[in-house]
Structures are given as C-alpha cells and as structure tokens.
Amino acid sequence: MKKYILTGLLVWLPLTITIWVMLQVLGLLDGVFAGLIIAAQTVLPESLRPSLEALKHIPGLSAIVMVSVLLLTGLAVTNFAGQWIVNQSNRVFSNIPIVKSIYSSVKQVSDTLFSSSGQAFRHAVLVQYPRAGSWTIGFVTGKPSGEVAAQLSDDHLTLYVPTTPNPTSGFMLIVPRSDVIELQMSVDEALKYIISMGVVAPPPHLVVDNTHARSHTG
C-alpha cells in the first residue's frame, strides 16, 4: 500500500503544483485586469459600464489581453516611431525623484535577464561557499567593473549563487577566477539540480581538467 501510494504521489504531485502555480498567476492577472476595468468604468461613459462589467467575468481573458498587449508592444517598438516613444518614456521616468531609482534599477535587471542578446547567466561553475571546503553551484554574470575592479589586483569574476529550492533569491559573490571551476552542464541543467536540492542530477558530461576549466572561465 505504501509503495503504491508513494508512486501515485510522484505522478500527481508535479501536476498538482503546476496547476496550482498557474491558477495563482491567472488569479493575479485577473485581479490586475479587474482593477483596470474599474478604472475604465470611472472615466468612460456610463453606457459602456455593463459591457465592461461583463468582461470581468470571462475566465482567462486577462491572460489573453496580457499576451496581446505584450505582442503589440513588441511589434510597435521595432519601428522608429515606437522606439522614439519608448526612449521618451524612459527619459521621463528617469527624471522623476524616487521613481527614477526604482525604474532604472528594474530596467537594468530586466534588460540583462530578458534581452535576446543578453547573457544574464553565462555558464554554471563550482565555487567554495559559504566556507572553504564546502562547494556550491553558481552562475557567472560577468566581471567586476568600475571602482570595485580598481580595488582588486587579480582577475575576478562576478557570480550569482542561488538559494535552494527558490533560485530567484541568492547572493552575489566576487571571487578570484582561479577559485572557480567551470562545469560542463548547461544553465538549465544546473537550475534543475539546484531547485531539486541535488536530487535531479544532470546527465554525465565529459570531465575536463580543473586547471583547463579555470583558465577558460569567463
């Protein structure tokens, strides 16, 4: 009985959690969409309010609207006029006190993570953390620059070390290049390994010499 129950749990647990997460995301989108409809009802003619109210009760409409808006926005900014509007809006938000700090930081991070030409996580590496002799997986995000680089005499790398099982939080480390061991696994494989707390191991890769791997990191 115990064996069969555990087997059934392994089948249903991933599916149940996936559905639950999707429902939570849809619920969040529905809430934002309902707020926008309420705002529209306050400024549009009263004759349109029943139609707008009916839109709030259509399941999944918020997700369709969001995808459509993203698609249309992406198409719009590919031409000169759309790009000019985006640049002007960036300039406006970048000159508003308090708002500019938040907007600029979020924009830099989003441009790095979601840009088609960006390399937010270049590759996975092994690094000793949180103490010598204890190893964890990190991701190379680049090299130190500016004042930080000026204070470091040797060649260093900037790493992001995610937490388990939630990789969206973690720590930024600046470590000597010589202390980093490059892994052959892909970024996706490394993320699965971290999220599963080491249970889902990536397939074996060709093992290279550590000295050779370190010399090519970055």
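Up top you'll find the structure we're talking about.
All of the points below concern the structure found in this document. (Residues numbered from 1 in each chain as written. Predicted model: local features only at pLDDT ≥ 70, side-chain atom pairs only at ≥ 80, totals over all residues. Heavy atoms only, no water.)

### Some words on the overall build of the chain
- Across its full length, the chain holds 8 helices and 5 strands.
- What you see in the chain, going N to C, is helices and strands ordered as α-α-α-α-α-β-β-α-β-β-β-α-α.
- Looking at the chain residue by residue over its 218 residues, the buried ones come to 20%.
- Within the chain, contacts between residues separated by at least 24 positions form 39% of all contacts whose residues are at least 6 apart in sequence. (Helix = DSSP H or I, 4+ residues; strand = E, 2+ residues; numbered from the N terminus. Buried < 20%, exposed > 50% of the residue type's maximum accessible area, 1.4 Å probe, protein only. Contact = heavy atoms within 4.5 Å.)

### Quick look at helix α1 (residues 2-43)
- Taking 1.5 Å of rise per residue, the 42 residues of α1 would be expected to cover 62 Å, and the 60 Å separating its terminal C-alpha atoms lies within 8% of that figure.
- Where α1 bends most, at W12, the angle is about 30°, and the proline P14 comes one to four residues later.
- All buried positions along α1 are accounted for by L29, F33, I37, A40 and Q41.
- Packing partners of the buried residues in α1 comprise α2 (49-55) and α3 (61-76). (Expected span 1.5 Å × (residues − 1). Bend = angle between axes of the 7 residues up to and from the residue.)

### Considerations on unusual backbone geometry
- A cis amide bond links Y129 with the next residue in sequence, P130, at an omega value of 5°.
- When you line up the elements, P130 lands in the loop between β1 (124-128) and β2 (135-142).
- Following T164, the chain continues into P165 via a peptide bond in cis, with omega recorded as 5°.
- Examined against the element boundaries, P165 turns out to sit in the loop between β3 (156-162) and β4 (170-176).

### Overview of the side chain of S62
- Looking at where S62 falls in the secondary structure, it is placed in helix α3.
- One polar contact links S62 to D30, side chain to side chain, over a distance of 2.4 Å.
- Here S62 is in contact with L26, L29, D30 and F33, once residues within four sequence places are set aside. (Polar contact = N/O pair within 3.5 Å; in protein donor to acceptor, adjacent residues only side chain to side chain.)

### A word on the sheet that holds β3
- Strand order in this open sheet of 5 strands is β4-β3-β2-β1-β5, and the pairing throughout is antiparallel. The sheet terminates laterally at β4 and β5 (181-182), the two strands that pair on one side only.
- Summarising the sheet, β2 and β3 pair through 3 bridges and their orientation is antiparallel. Opposite V140, over in β3, you have L159 as the bridge partner.
- The strands touched by helix α7 (residues 187-195) within the sheet are β1, β2 and β3, with β2 carrying the most contacts at an inclination of about 140°. (Pairing = 2+ DSSP bridges. Axes fitted to C-alpha atoms, helices over the stretch in contact; angles between N-to-C directions.)

### Quick word on α7
- Taken together, the buried positions of α7 are occupied by V187, A190 and I194. Considered in projection along α7, the buried side chains sweep an arc of 60° and stay on one side of the axis. Exposed and oriented more than 90 degrees from the buried face of α7 are D188 and K192.
- In this fold, the buried residues of α7 make contact with β1, β2 and β3.
- M197, located one to two residues past α7, shows a positive phi value of around 60°. (Arc of directions from axis to C-beta.)

### As for a nonpolar patch on the surface
- The grouping of L6, L9, L13, I17, W20, V21 and V25 at the surface amounts to a nonpolar patch, some 630 Å² of accessible area in total.
- By the secondary structure assignment, L13 is in helix α1. (Patch = residues over 30% accessible without salt bridge, like charges linked within 9 Å, V, L, I, M, F, W, Y side chains within 5 Å. Areas by Shrake-Rupley, 256 points an atom, 1.4 Å probe, with all protein chains shown as cover. Salt bridge = Lys/Arg side-chain N within 4 Å of Asp/Glu carboxyl O.)

### Considering the pattern of salt bridges
- Enumeration over the complete set of coordinates arrives at 2 salt bridges.
- D155 is the salt-bridge partner of R177, the closest N and O atoms lying 2.4 Å from each other. You can see R177 sitting in the loop between β4 and β5 and its partner D155 sitting in the loop between α6 (146-150) and β3, a full 22 residues away along the chain.
- Using a relative accessible area of 15% as the deciding quantity, one classes R177 as buried.
- In this structure, a network of salt bridges that share partners links the residues K143, D155 and R177.

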